[in-house]
Amino acid sequence: MLRLIPVFCALTAHVAFASDEPFRKTIISVERNLGGGQPWNVRGREITPDCPVDWSVFKNTYQGGRQEGVESIELNNGKLFIHVIPTRGMGIRQVWCGDVLLRWDSPVKELVHPRFINLQSRGGLGWLEGFNEWMCRCGLENSGQPGTDRFINNQGDEATMDLPLHGKIANIPASEVELLVERKPPWRIRLRGRVDERMVFGPKLELWTELWTEPGSATFHIEDTVTNRGAQPQEFQMLYHCNFGAPLLEEGATFVGPVREVTPFNAHAASGLDGWTRYAGPTTGYVEQVYALRLFGDAQDRTRVMLQNAAGDRAVSMAWSLKELPYLTVWKNTGAVADGYVTGLEPGTSYPYNRRIERKFGRVPKLAAGESYRMAVEVAIHADRDDVRPAAEAIRSLQGGRETKLNREPPEIE
Amino acid sequence: MLRLIPVFCALTAHVAFASDEPFRKTIISVERNLGGGQPWNVRGREITPDCPVDWSVFKNTYQGGRQEGVESIELNNGKLFIHVIPTRGMGIRQVWCGDVLLRWDSPVKELVHPRFINLQSRGGLGWLEGFNEWMCRCGLENSGQPGTDRFINNQGDEATMDLPLHGKIANIPASEVELLVERKPPWRIRLRGRVDERMVFGPKLELWTELWTEPGSATFHIEDTVTNRGAQPQEFQMLYHCNFGAPLLEEGATFVGPVREVTPFNAHAASGLDGWTRYAGPTTGYVEQVYALRLFGDAQDRTRVMLQNAAGDRAVSMAWSLKELPYLTVWKNTGAVADGYVTGLEPGTSYPYNRRIERKFGRVPKLAAGESYRMAVEVAIHADRDDVRPAAEAIRSLQGGRETKLNREPPEIE
Amino acid sequence: MLRLIPVFCALTAHVAFASDEPFRKTIISVERNLGGGQPWNVRGREITPDCPVDWSVFKNTYQGGRQEGVESIELNNGKLFIHVIPTRGMGIRQVWCGDVLLRWDSPVKELVHPRFINLQSRGGLGWLEGFNEWMCRCGLENSGQPGTDRFINNQGDEATMDLPLHGKIANIPASEVELLVERKPPWRIRLRGRVDERMVFGPKLELWTELWTEPGSATFHIEDTVTNRGAQPQEFQMLYHCNFGAPLLEEGATFVGPVREVTPFNAHAASGLDGWTRYAGPTTGYVEQVYALRLFGDAQDRTRVMLQNAAGDRAVSMAWSLKELPYLTVWKNTGAVADGYVTGLEPGTSYPYNRRIERKFGRVPKLAAGESYRMAVEVAIHADRDDVRPAAEAIRSLQGGRETKLNREPPEIE
């Protein structure tokens, strides 16, 4: 595809008037040479005048320090505010719904532009210098801990490389971003982005993400497709690193899930296995405890988990298919507020061990040439006790009175 | 040189009216604090009204994704389109002349800004995350394979460093770029750029590149000078990584050259030595085969090679002096289209083994303090059989009926 | 702190009219989403009309090459020009006062944007690709030589990391920068900046720098505070890498200081111990000689050192408290001009050995949670013999006739 004659695209909304065609606005496009530009917003009352809820989308570019040039999209469906960062791999900075906040207070305060992140820093831990989103994807070539793994180099030989923590995808700017809004009920609002993790003699993986919600809803959906654009089979991994802090996370907050089996990641996590579903308040010097979970699902292998506050009157639940994301990692990191008081609920194709370990245990999917893999997570916010209760009951019903198998020892991984 | 009072330079063309002074336009200048700015173009009919061919130059800045801020210069001499990327070390993205295209379809789709490239990634293979040009320079401190080599550190001691694949120069933005056009026949169009590879306690190498052509010509010239700006002797390397894909490269396309000696890079290349000048069509899983060539030249050591399509009615030839660039590497990488179907013809001061090997074999030139090294490559496009034939004959005449020595075994390099 | 509704701040000066409130202008602010923007300047005759000296501040953004996007602040107090680079950790590019220049001629010519610096390059020496300031800070996690040191990882285990040369702080853009000017005598001009070196599972260090001077003065002050924003004790280091070249540095220039003890860094420096306070002219192939000094101070532990030219009629002196910065490193690097003819006078919390060595010798301070550490350096320019003499006498009086202990051998560090 030749591009010698570039196309200049005005930042005006491209409005389709036929009522059955969705409103469509290109926000960022490498193909159309369209980048940040000036701030703008789109209002529901203009695009969907019949919709009783006034939604809006606000596009901005951050300035100053290490956030210079970071693109920001704030989606307000009339009930939920969702803050998406195209520059950081379409990660979600935070979500709020009244006083229920999906966010955490990371020691990293800015939305750090990926150009300031060196993933190889600190022995592969450079990712931690930009980590502050509610949700960031880990992947695509690898999603877990840093360390050495093998790969096939340009000469067709097996060589070794040092995988960086949680992979590259959260630090790759989206190449294409567009907004689509249906012009008739339920006026679905869709934000789509493409993030490329492609190279010569390496993965040629393409991620299309979609975040969608409906005006007035307390629920939103993440629907992702990873495609192998190479001509040969390619491994990939995906972990949805969803991170919750105060005020939802607090002393006495609990994880609720239909747990088939729980295994501590290491000896230290093993020591906290009793009462592992309950959270402590901020505890200076707390060392992370990580648990690898297998869940029960319904007849279609669909599952749901929840994080609820101590009073049980605020919660967030996440639902997905175990066919798509068979593994859940619970990261308890209830250190001091200043150090990042947080828990991660992380559905994935894998656990976050290094890829060589995941491969050994059969948890690294492989895509044939041209093959796609779809993953979806539905997130619902429960803002009062009457809304929390049915979610808890649905989870209890998935458990169906079955026992949770507690593995007292961490797995033998090496 | 002090710069406390910066100079603001308008983006207007600085037009010299005396007919014997060339038109001169500064495009990028660190000295004059001049960067990208707004798109502009310059037309031949305005600058050289007497010239019968209407050439043009279009300057643009790319937006979106990992190409945000990449400067682009499209030079049209009335016959050739040449797309130069100052931000990627004055590399050439592609050239076209009618239906003859100098380009390839890399798995990397964007013109990736160097700030997103970590050359140390993947054990020194990070360069492959941005590699998609028709021509990119490899060098200047090193031009070959990654791996450990020695250097002298700040304490005057020999230390070791991990050289990154193909060096830094293709991922350093040009500091100075200017356009010069002669106002009288042959109205030569010259695009010049300076790329600095300088540091404290390391190389102080300055590259001045010039790309020049004449209106209406199917030929263009690359003329580079590398200067050691340090006070002590300094090694350097240069490899012109010229990459050709479909449609010129196809099943039955051939490499034509006055070959004195050919040596496979490794055992796998050795297995393909018979018929090494002929190309296969896209072959999924093909593993690269690389050949190290010595060529015959004319009485002035000038040589020429050609890549022609299967029908022999489309070709590109490259000519240069063996005094300047004594070595040619032919990189056959005819994998699937999706993986990057490509061949590289790579004249250089060296072969692309790691520098410690090249040094052992005497293929790493050293510049005295202040010394310069000039290299030039002439590229001609042959758009029909009548144009291909004389080029083939010129090459045959360089061979002069002499035998090509086929070395069956790769060299013992360690 | 939520930021879903960003604040747009105009670039107009926020002028306080009450004469006892300082003039205050926010220059860069991550909190207020304020970045580079258009060039502007502020003049003393407008802000402090009663001040007899017309000072000014000029804000600019650099364009082109690797300096694209580098923010620049030029402060002119009517006598001193001081050039501060917020994008490079509030480093000071150069200072001049008549014909006395605080600067050096580095082989690196551009003000390189940190996004082009890979600190891990060349075995941790990537810092040298951007090094050309008169003063840059080394720190905060580490300030010395590259190499392996231990740290505590996310699992609470001791792990190892490769520290990069001189740490990160000089390559982190400032997140907040503001100018304050007092509206009454002595009309103090203050330039403040915040640089964050914060991450998850790592240091949470915040640096507030202040550069202040008075209109018409030949003296300026650097006052820094490092605060541990984490909840657990945290080591830090700071080294003020102040670099002087020609014309102040010349054959016969001398270091003048109240030296209690001097120790060569290595055997090569030991060989130059006799006459170590005297500088040679540019000497091609000169290998750096580094000396670790302990100084005498006054009753309040305040000390002062000076670099003077051969004639003794131009000098710069630096004064500070030995309680804050107990160690001084003198870096003699009088190589050829083209290689960087320079000496560094480097007061610090540490010497620039690798941190594991500094820790062993008790030279790595540790901050409790929330604790701050203040450091200040006063720099005075002495433009004639009558101004140099009292500074030399003050230093002689600090020495008080006491012997300097010359350690002939470098320390046993491992």
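A. Inspection of the overall build of chain A at higher detail. Broken down by element type, chain A carries five helices and 26 strands. Rg of the C-alpha trace for chain A: 21 Å, near the compact-globule value of 22 Å for 414 residues, within the 12% margin. Summarising its shape, the C-alpha atoms of chain A cover approximately 60 × 60 × 45 Å along the three principal directions. A total of 414 residues make up chain A; the buried ones form 66% of that total. Contacts spanning at least 24 positions in sequence make up 66% of the contacts within chain A whose residues lie at least 6 apart. Of the roughly 14,300 Å² of accessible surface on chain A, 48% is carried by carbon and sulfur atoms. Here chain A carries 48 positive and 52 negative side-chain charges, and the mean point of each set is 2 Å from the other.

B. Main features of the pairing of strand β20 (residues 302–308) of chain C. Residue and element names in this part refer to chain C. Counting buried positions along β20 gives five out of seven residues, so the element sits mostly inside the fold. Pairing of β20 with strand β21 (residues 315–321), which is carried by seven bridges, proceeds in the antiparallel orientation. Bridge pairing in β21 places Met 306 opposite Ser 317. Connecting the antiparallel pair β20 and β21 is a turn made up of six residues, with Gly 312 showing a positive phi of about 75°.

C. Highlighting the sheet that holds strand β25 (residues 372–382) of chain A. All names here are of chain A. One open sheet holds the nine strands; their spatial order is β1-β11-β12-β13-β14-β25-β21-β20-β17, and the pairing between them is antiparallel. Each edge of the sheet is formed by a strand with only one pairing partner; in this case those strands are β1 (23–29) and β17 (254–256). Across the sheet, the mean angle separating the axes of adjacent strands is 15° when strand polarity is ignored. Pairing between strand β14 (residues 219–228) and β25: nine bridges, direction antiparallel. Of the residues in β25, the one forming a bridge with Phe 220 is Val 379. Packing of helix α5 (residues 385–399) onto the sheet brings it into contact with β17, β20 (302–308), β21 (315–321) and β25, and relative to β20 it is tilted by some 135°.

D. Fine view of the pattern of salt bridges. Within this structure, the stated rule accounts for 92 salt bridges over all chains. Arg 359 of chain C serves as the salt-bridge partner of Asp 149 of chain C, at 2.9 Å between the closest nitrogen and oxygen. In this pair, Asp 149 of chain C is assigned in strand β9 (residues 147–152) and Arg 359 of chain C in helix α4 (residues 355–360), connecting sequence segments 210 residues apart. Overlapping salt bridges bring together Arg 24, Glu 178, Glu 182, Arg 188, Arg 190, Arg 192 and Glu 210 of chain A as one network.

E. Broad picture of the interface of chain A and chain B. Contact with chain A, which involves 42 residues of that partner, is made by 46 residues of chain B. Summed over the shared surface of chain A and chain B, the number is two salt bridges. In this structure, Glu 141 of chain A and Arg 122 of chain B form a salt bridge, with 2.7 Å as the shortest nitrogen-oxygen distance. Inspection of the region where chain A meets chain B yields eleven residue pairs in polar contact (both at pLDDT 80 or more). Mapped by element, the contributors of at least two residues to the side of chain A that touches chain B are β1 and β12 (189–198) of chain A. When grouped by side-chain class, the residues that make up the side of chain A that touches chain B number 20 nonpolar, 14 polar and eight charged.

F. Molecular detail of the interface of chain B and chain C. Taken together, the contact pairs 42 residues of chain B with 46 residues of chain C. Carbon and sulfur atoms make up 56% of the surface buried where chain B meets chain C, a total of about 3,700 Å² over both sides. In this structure, Glu 129 of chain C and Lys 168 of chain B form a salt bridge, with 2.9 Å as the shortest nitrogen-oxygen distance. Run the count over chain B and chain C and you get eleven residue pairs in polar contact (both at pLDDT 80 or more). Breaking the side of chain B that touches chain C down by element, the ones donating at least two residues are β1 (23–29) and β12 (189–198) of chain B. Here the side of chain B that touches chain C is built from residues that sort into 20 nonpolar, 14 polar and eight charged.

G. Representation of the side chain of Asp 149 of chain C in the model. Residue and element names in this part refer to chain C. Residue class for Asp 149 comes out buried when judged on its relative accessible area of 3%. For Asp 149, the side chain forms a polar contact with the side chain of Arg 359, separated by 2.9 Å. Among residues more than four places away in sequence, those in contact with Asp 149 are Ala 159, Thr 160, Met 161, Leu 163, Asn 354, Arg 355, Arg 356 and Arg 359.

H. Representation of the relation of the copies chain B and chain C. When chain B is fitted onto chain C, the two copies agree to an RMSD of 0.0 Å after a turn of 120° and an axial shift of 0.0 Å. On this basis, the relationship between the two copies can be described by a three-fold rotation axis. For chain B, the residue whose C-alpha comes nearest the rotation axis is Arg 115 of chain B, separated from it by 3.3 Å. Mapped onto chain C, only 5% of the interface residues of chain B are again interface residues, and the two copies thus contact each other with different surfaces.

I. View of the packing of aromatic side chains. All names here are of chain A. Overall, the coordinates contain 39 aromatic pairs over all chains when judged by the stated rule. Between Phe 131 and Trp 331 the ring centres are 6.1 Å apart and the planes differ by 35°, which places this aromatic pair in the tilted class. Note that Phe 131 is positioned in the loop between α2 (121–124) and β8 (135–140) and Trp 331 in strand β22 (residues 327–334), a separation of 200 residues in sequence. Taking relative accessible area as the criterion, Phe 131 reaches 2% and is therefore assigned buried. Assessed through its relative accessible area of 5%, Trp 331 is described here as buried.

J. View of the pairing of strand β20 (residues 302–308) of chain B. In this sheet, β20 of chain B lies alongside strand β17 (residues 254–256) of chain B in antiparallel orientation, the contact comprising three bridges. If you follow Thr 254 of chain B over to β20 of chain B, its bridge partner there is Gln 308 of chain B.

K. View of the relation of the copies chain A and chain B. With an RMSD of 0.0 Å, the operation that places chain A on chain B is a rotation of 120° combined with a shift of 0.0 Å along the axis. Of all interface residues in chain A, a mere 5% are interface residues in chain B too; the two copies therefore contact each other through different surfaces.

L. Broad picture of the environment of Val 290 of chain B. Residue and element names in this part refer to chain B. Inspection of the secondary structure assignment puts Val 290 in strand β19 (residues 289–295). The buried category is assigned to Val 290, whose relative accessible area is 9%. As a C-alpha pair, Val 290 and Leu 211 span 79 residues in sequence and 28 Å in three-dimensional space. If we ignore the near neighbours within four places in the chain, the residues touching Val 290 are Thr 263, Pro 264, Phe 265, Ala 269, Thr 329, Val 330 and Trp 331.

M. Main features of the confidence of the model for chain A. When pLDDT is averaged across chain A, the result is 94; 95% of the residues are at 70 or more. With a pTM of 0.94, the predicted complex shows an ipTM of 0.93.

N. Representation of unusual backbone geometry in the model. Residue and element names in this part refer to chain B. The step from Gly 139 to Leu 140 runs through a cis peptide bond, and the omega angle for that step is -10°. For Leu 140, the location among the structural elements is in strand β8 (residues 135–140). The linkage connecting Pro 185 with the following residue, Pro 186, adopts the cis geometry, with an omega of 5°. With respect to the helices, strands and loops of the structure, Pro 186 is situated in the loop between β11 (176–181) and β12.

O. Layout of the sheet that holds strand β17 (residues 254–256) of chain C. Residue and element names in this part refer to chain C. Overall, antiparallel pairing links the nine strands, which are arranged β1-β11-β12-β13-β14-β25-β21-β20-β17 in an open sheet. A strand with exactly one partner marks an edge of an open sheet, and here the two such strands are β1 (23–29) and β17. Each strand axis lies, on average, 15° off the axis of its neighbour in the sheet, ignoring direction. Packed on one face of the sheet, helix α5 (residues 385–399) meets β17, β20, β21 and β25 (372–382) and runs near 135° to β20.

P. Region of interest: the state of the cysteines. Residues and elements named next belong to chain B. Enumeration over the complete set of coordinates arrives at zero disulfides over all chains. Free cysteine Cys 242: the closest other cysteine sulfur is in Cys 136, separated by 8.4 Å. For Cys 242, a relative accessible area of 2% puts it in the buried group.

Q. View of α5 of chain A. Residues and elements named next belong to chain A. If you check α5, its first and last C-alpha atoms are 21 Å apart, about what 15 residues at 1.5 Å a residue would give, namely 21 Å. Within the sequence span of α5, burial applies to Val 388, Ala 391, Ala 392, Ile 395, Leu 398 and Gln 399. Taken around the axis of α5, the buried residues stretch over an arc of 110°, which confines them to a single face. In α5, the exposed positions angled more than 90 degrees off the buried face are occupied by Asp 386, Arg 396 and Ser 397. Residues of α5 that are buried sit in contact with β17, β18 (259–264), β20, β21 and β25.

R. Local environment of the environment of Asn 333 of chain B. Take Asn 333 of chain B: it is sitting in strand β22 (residues 327–334). In the structure, Asn 333 of chain B is positioned 156 residues away from Val 177 of chain B in sequence and 33 Å away in space, judged by C-alpha atoms. Apart from residues no more than four positions distant in its own chain, Asn 333 of chain B is found in contact with Phe 201 of chain A together with Tyr 286, Glu 288, Gly 340, Tyr 341 and Val 342 of chain B.

Calculation rules
Numbers given to residues run from 1 along each chain, matching the order in which its sequence is written. Chains and ligands are labelled sequentially in the order written, the chains with letters from A and the ligands with numbers from 1. Given that this is a predicted model, residues contribute local features only at a pLDDT of at least 70 and side-chain atom pairs are listed and counted only at 80 or more, while totals for whole chains, interfaces and linings are drawn from all residues. In computing side-chain values, all of the structure's heavy atoms are included and hydrogens and water are not. Each helix is a run of H or I in the DSSP string that is no shorter than four residues. Each strand is a run of E no shorter than two, and both are numbered from the N terminus. The quantity called the radius of gyration is restricted to C-alpha atoms. Its globule counterpart is 2.2 Å times the number of residues to the power 0.38. When accessible area is computed with a 1.4 Å probe and restricted to protein chains, residues below 20% of their type maximum are described as buried, those above 50% as exposed, and intermediate ones as partly exposed. The contact rule is simple, with two residues in contact once any of their heavy atoms fall within 4.5 Å. Working definition of accessibility: Shrake-Rupley area with a 1.4 Å probe, residue cover restricted to the visible protein chains. We treat Lys and Arg as the positive residues and Asp and Glu as the negative residues; His and chain ends play no part in the count. Where a charge lies is defined by one atom per residue type, namely NZ (Lys), CZ (Arg), CG (Asp) and CD (Glu). Strands are labelled as partners when DSSP assigns at least two bridges between them. Convention adopted: a line fitted to C-alpha atoms gives each axis, helices being fitted over their contacting stretch, and angles between N-to-C directions are expressed from 0 to 180 degrees. Salt bridge, as used here, is a side-chain nitrogen of Lys or Arg placed within 4 Å of a carboxyl oxygen of Asp or Glu. As used in this structure description, the phrase polar contact means that two N or O atoms lie within 3.5 Å; if the pair is within protein, one of them must be able to donate a hydrogen and the other to accept it, and residues adjacent in sequence are counted only when both atoms belong to side chains. Gly counts as polar in this scheme, as do all residues outside two lists: the nonpolar Ala, Val, Leu, Ile, Met, Phe, Trp, Tyr, Cys and Pro, and the charged Asp, Glu, Lys and Arg. Reported buried area values correspond to the accessible surface (1.4 Å probe) lost by two parts on association, with both partners' losses combined. Least squares is used to superpose the copies, and the fit set is the C-alpha atoms of residues whose pLDDT is at least 70 in both copies. A pair of Phe, Tyr and Trp rings is counted when the ring centres sit within 6.5 Å of each other, with Trp represented by its six-membered ring. The angle between the planes then sorts it: under 30 degrees is stacked, over 60 is edge-to-face, the rest tilted. Along the chain, pLDDT gives the predictor's confidence residue by residue, from 0 to 100. Cysteine sulfur atoms are paired as a disulfide whenever they come within 2.5 Å of each other. Multiplying 1.5 Å by the residue count of a helix minus one yields the expected span of that helix. Picture the helix axis, draw a direction to every C-beta atom, and the arc is the one those directions span.

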